[in-house]
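Chains, contacts and geometry: an overview
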Amino acid sequence: MSRPVFATIDQQALRHNLSVARQAAPGSRIWSVVKANAYGHGIARVWQSLSATDGFALLNMEEAILLRDAGWQKPILLLEGFFHAEDLDLIDRYRLTTSVHSSWQIQAIANASLSAPIDIYVKVNSGMNRLGFRPEQLHNVWQKLRALPNVGDMTLMAHFADAENPQGLVEPLQRIEHAAEGLAVPRSLSNSACTLWHPEAHYDWVRPGIILYGASPSGEWQDIAETGLKPVMTLQSEIIGVQQLQPGDGVGYGYRYRASQPQRIGVVACGYADGYPRHAPSGTPVAVDGILTQVVGAVSMDMITVDLTPCPDAGIGSTVELWGNQVKIDQVAKAAGTVGYELMCALAPRVPVKVI
Ligand SMILES: *Cc1c(COP(=O)(O)O)cnc(C)c1O
């Protein structure tokens, strides 16, 4: 028998979450963001459940080719654009849409010999200062690109630094709209947070990622509790050992937790080498046989220890949910000082995955 830790990917939840995104932005087409191997879920495992989408957005050529080879014929968007001029060969061959965010890329497209024009997303820096042309460059860049025979459809793209904040788009959206004045162009501006909370930024194409996987763009589960979004990934294991502590007894490395009264402790086969966050402190929620309890002591490479006081019937072989429907990934992430995005992406290769 293999080690009892495993993850499940719920295909029904994926389909459902895509429909929640559709309802949130009914007038827009959807790029389902499947970068980073579909946020750790496995692009090969999830794409068919999301096939009601209008396109897939990602950033690795390998992932794009995987989708094309699997039979996906609708649009694929390269969110970070291309990294070297030679990449245009594959963009042409696989008919990918690429973002364009730097001047050298305009030159590369001009010089390329393509079988047909490629569609592009012109990325404007909304003030976040990662990728993109400055708003005041937009008209000039647009005209240069529009004049190239190698360029097909053009869309204006931007990304926001503070979309979780109700006021977070006011200023950057104004700057973009000001820069785009007079250009009759489709726009794609919305990540998950904008898709849920900023209808004023929906426009032609939205780009939800995290909500497709059923976690919160703000990191707060409460913020999406009313949306109907369902967790897609469950991380589960079992109790493989039980210890009866006496007052003063310590648990795990550094005795990071000490019992103040007699206490039963369960040892779970899951640690940071499985993707459980090493920084999760005592008190991080976990469910044992469906009963909520908490982590006690340090997370080690292959094990964590949990309090069995609320579940006196639990013992060796009891089911433990590290995250999923009962314990939201956002709650674990928050306890560990991170976000659900990071935990999903960090699911370790050694954890077997079951698709249900
Ligand atoms: C990752 C990404 C998204 C999706 O972000 P979420 O917060 O997961 O919805 C959208 N647009 C761009 C450019 C991205 O890099």
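Residues numbered from 1 in each chain as written. Predicted model: local features only at pLDDT ≥ 70, side-chain atom pairs only at ≥ 80, totals over all residues. Heavy atoms only, no water.

A few words on the overall build of the protein. Broken down by element type, the protein carries 11 helices and 18 strands. Seen through its principal axes, the protein has C-alpha atoms that stretch 75 × 45 × 35 Å. Scored against the burial criterion, the 356 residues of the protein give a buried share of 54%. Sequence-distant contacts, at least 24 apart, represent 62% of the contacts inside the protein between residues at least 6 apart. Distance from the positive charge centre (27 side chains) to the negative charge centre (33 side chains) of the protein: 2 Å. (Helix = DSSP H or I, 4+ residues; strand = E, 2+ residues; numbered from the N terminus. Buried < 20%, exposed > 50% of the residue type's maximum accessible area, 1.4 Å probe, protein only. Contact = heavy atoms within 4.5 Å. Lys, Arg positive; Asp, Glu negative; His and termini not counted. Charge placed at Lys NZ, Arg CZ, Asp CG, Glu CD.)

Glancing now at the sheet that holds strand 3 (residues 55–58). Taken together, the eight strands give an open sheet; going across it, the order is 8-7-6-5-4-3-2-9, and neighbouring strands pair in parallel fashion. In the strand order of this sheet, the two ends are held by strand 8 (187–188) and strand 9 (205–206), each with one partner. Sheet strands in contact with helix 6 (residues 103–111) are strand 5 (97–100), strand 6 (118–123) and strand 7 (151–157), and its direction is about 140° off that of strand 5. On top of the sheet, helix 7 (residues 138–146) reaches strand 5, strand 6 and strand 7; it is set at about 160° to strand 7, its chief contact. (Pairing = 2+ DSSP bridges. Axes fitted to C-alpha atoms, helices over the stretch in contact; angles between N-to-C directions.)

A few words on helix 7. Regarding helix 7, the residues found buried are Leu138, Val141, Trp142 and Leu145. Each buried residue of helix 7 sits inside an arc of 100° when the element is viewed along its axis, so together they form one side. Buried residues belonging to helix 7 abut strand 5, helix 6, strand 6, strand 7 and helix 8 (170–179). (Arc of directions from axis to C-beta.)

The full count for this structure, using the stated rule, is eight aromatic pairs. Relative to Tyr213, the ring of Tyr39 has its centre 4.7 Å away and its plane inclined at 25°; by these criteria the two rings are stacked. Within this pair, whereas Tyr39 is found in helix 2 (residues 35–39), its partner Tyr213 is found in the loop between strand 9 and strand 10 (233–245), the two being separated by 174 residues in sequence. Overall, the relative accessible area of 5% leaves Tyr39 in the buried class. We classify Tyr213 as buried; its relative accessible area is 1%. Between Arg187 and the ring centre of Tyr203, over which it is positioned, the NZ or CZ distance is 5.2 Å. Geometry around Phe6 places Lys354 over its ring, the cationic atom sitting 3.7 Å from the centre. (Phe/Tyr/Trp six-rings, centres within 6.5 Å; stacked < 30°, edge-to-face > 60°. Lys NZ or Arg CZ within 6 Å of the ring centre and 35° of its normal.)

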